[in-house]
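Chain by chain, the residues:
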Amino acid sequence: MADQNLMEKIVSLAKRRGFVFPGSEIYGGLAGIYDFGPRGVELLNNIKKVWWSANVYERDNYYGLDSGMFKNPRVWEASGHTSGFSDPMAECKKCNTRIRVDKVLESVGATADEKMSEDEINELFDAHRAEIACAKCDAHDFSRARKFNLLVKSNLGDFTSEGNEAVYLPGEACQGIYLDYKNIVDSMQPKIPFGVAQIGKAFRNEISPRNFLFRTREFEQADTQLFIKPNENKEAYEQMKKDRWNWYLSLGIKEENLRFKQHENLVFYAKDAWDIEYKFPWGFDEVEGIHDRTDYDLSQHMKFSNANLHYTDPETGEKYIPWILETSMGMGRAFLAVLVDAYHEDELGGETRVLLRLSPKIAPVKAMVSPLLKNKPELVAKAREVRAELKRVHPAIAWDDNGNIGKRYRRQDEIGTPFCVTIDFDTLGETPELKDTVTLRHRDTGAQERLTIAEVAERIRSAIE
Ligand code: GAP
């Protein structure tokens, strides 16, 4: 399957089956904004639950947080985002298409360092202009590159009054964790090392949103920030990388589709940075960043707010500014990686079928219940009873009595439902020894077996746990 083709198939399935819709579609859309549909929100929430469980419930020293999106404008000065959070942009003089200069330079083997000045970037850009054509009109005539700040501005309160300054939407969700670090220390009395986990929205004025959910202007980040003693970063950082790698495997993602990549050019806040990359249809690309942020963040916030953010060791009395190790996963990117990894086409019963081999843990629907025939009230009544029974195991048990049974199975395959349960006349006792048994059909193999309702409930329970 050609990879471009695969991406188109996934985008089409996502819309057709209610996973992801283009934002504001009836108005012609809005670049870089997507909505999660009824099945998408289930899958998304399931990924979040697995993440929360691994990063909060399964650890003794991690605390959850949900901080407000708007923050005092000083926060983004302290964090370095108002001055340092920008991408170099240029415009095609012929068709006005905007390009990210660092990305096009990368495609011709040149590296625009994060720390380069505008002049230095332009020097590099000039040296490669002949090799860079506009993707839209093929012209080689671009404007000078300029740094374009990615923060999205907004207003709060009476924004018509003079002197009322703009506020920013969060450029990265983790800042909320640094602002509440002191409150967490005061209210929960954690001992270092301790971590804070949060899933929060982030907004970036991306110059060229692309690749579906991969580069959007509004997205969610699932972050953990581990507060550690200065210079005690090495071992904890390696452990963090291992834990995050294993988390993707726990979602059912194939290990050969993952890799680590160390950053050569460090973003302004990081001393060391590694990405976990997934093999998307266009190649390996970043899903998560794991950063050693040292004491950069708390020192900056101390300087700008005058708050005392030192930690005092309760046993030794030692005082220090904690260092921070961060993991930051793009939720939309993880969602896309899950879809790409799960998408399969195979042959079953002489026909080609599309299926999502989603782990039952995160599948939006855990099982579909179906009466063999919808015009037989006794079958329908029994099937409803079975559905109610299975809903006690998990509420996401679907109902489908439309069309022939093969078509119903195919529809569920396409949305990744691991099990289908069919109620027939034997369930009602036509063959006495089969009374109260049902057909359980497995998504990945198409295999079917005859089980009691209690056995089916147990299969579902153990698959999703
Ligand atoms: N707090 C650290 C931070 O924000 P980052 O590498 O800029 O680091 C972390 O972002 C993760 O957020 C990335 O690995 C990526 O998965 C996701 N992300 C960043 N920009 C994104 C965008 N425009 N659209 C979707 N996800 C994005």
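*Asks:* Tell me about the environment of E286, and please be specific about residues and values.
*Replies:* For E286, the location among the structural elements is in strand 13 (residues 283-294). Its relative accessible area of 27% is what places E286 among the partly exposed residues. Distance in space between the C-alpha atoms of E286 and A334 is 9.7 Å, their sequence separation being 48 residues. E286 has contacts with F214, D275, I276, E277, F280 and R333, leaving out every residue within four places of it along the chain.

*Asks:* I'd like a rundown of the side chain of D87, residues and numbers included.
*Replies:* Mapped onto the elements of the fold, D87 is located in strand 4 (residues 86-91). Beyond its immediate stretch of four places on either side in the chain, D87 contacts R100, D102, R146, K147, F148, L150, E206 and I207.

*Asks:* Let's hear about the packing of aromatic side chains: which residues, and what values?
*Replies:* This structure, assessed with the given rule, holds 17 aromatic pairs. An angle of 75° between the planes, with centres 5.3 Å apart, marks the rings of F214 and F280 as edge-to-face. Of this pair, F214 sits in the loop between strand 9 (194-203) and strand 10 (218-228) while F280 sits in strand 12 (residues 272-280); the two residues are 66 residues apart in sequence, bridging distant segments of the chain. A relative accessible area of 2% means that F214 is categorised as buried. For F280, a relative accessible area of 3% gives the class buried. Between the aromatic rings of F214 and W282, the centroid separation amounts to 5.2 Å while the plane-to-plane angle is 75°, which identifies the pairing as edge-to-face. Of this pair, F214 sits in the loop between strand 9 and strand 10 while W282 sits in the loop between strand 12 and strand 13, and the two are 68 residues apart along the sequence.

*Asks:* Quick rundown of the environment of F85? Include the residues and the values.
*Replies:* With respect to the secondary-structure elements, F85 resides in the loop between helix 4 (81-84) and strand 4. Residue class for F85 comes out buried when judged on its relative accessible area of 11%. The spatial distance from the C-alpha of F85 to the C-alpha of T316 is 39 Å, given a sequence separation of 231 residues. Beyond its immediate stretch of four places on either side in the chain, F85 contacts G80, F148, N149, L150, L151, G171, R204 and F268.

*Asks:* I'd like a description of unusual backbone geometry, backed by residues and values.
*Replies:* For the bond from I192 to P193, the omega torsion is 5°, close enough to zero to count as cis. Tracing the backbone through its elements, the reader meets P193 in the loop between helix 8 (181-188) and strand 9. Even without being glycine, N96 reaches a positive phi, approximately 70°. In this fold, N96 is placed in the loop between strand 4 and strand 5 (98-100). A relative accessible area of 52% places N96 in the exposed class. Despite not being glycine, T294 shows a phi value in the positive range, around 45°.

*Asks:* Please give an account of the pairing of strand 16 (residues 323-330) that cites residues and values.
*Replies:* When you tally the buried positions in strand 16, you get eight out of eight residues, the bulk of the element. Of the two faces of strand 16, the one lined by W323, L325, T327 and M329 and the one lined by I324, E326, S328 and G330 are each fully buried. Sheet topology places strand 10 next to strand 16; eight bridges connect them, and they run antiparallel. Across the sheet, T224 pairs through a bridge with T327, a residue of strand 16. Inspection of the sheet shows strand 13 paired to strand 16 by six bridges, in the antiparallel sense. Bridge pairing links E288 to M329 in strand 16.

Conventions used here
Residues numbered from 1 in each chain as written. Predicted model: local features only at pLDDT ≥ 70, side-chain atom pairs only at ≥ 80, totals over all residues. Heavy atoms only, no water. Helix = DSSP H or I, 4+ residues; strand = E, 2+ residues; numbered from the N terminus. Buried < 20%, exposed > 50% of the residue type's maximum accessible area, 1.4 Å probe, protein only. Contact = heavy atoms within 4.5 Å. Phe/Tyr/Trp six-rings, centres within 6.5 Å; stacked < 30°, edge-to-face > 60°. Pairing = 2+ DSSP bridges.

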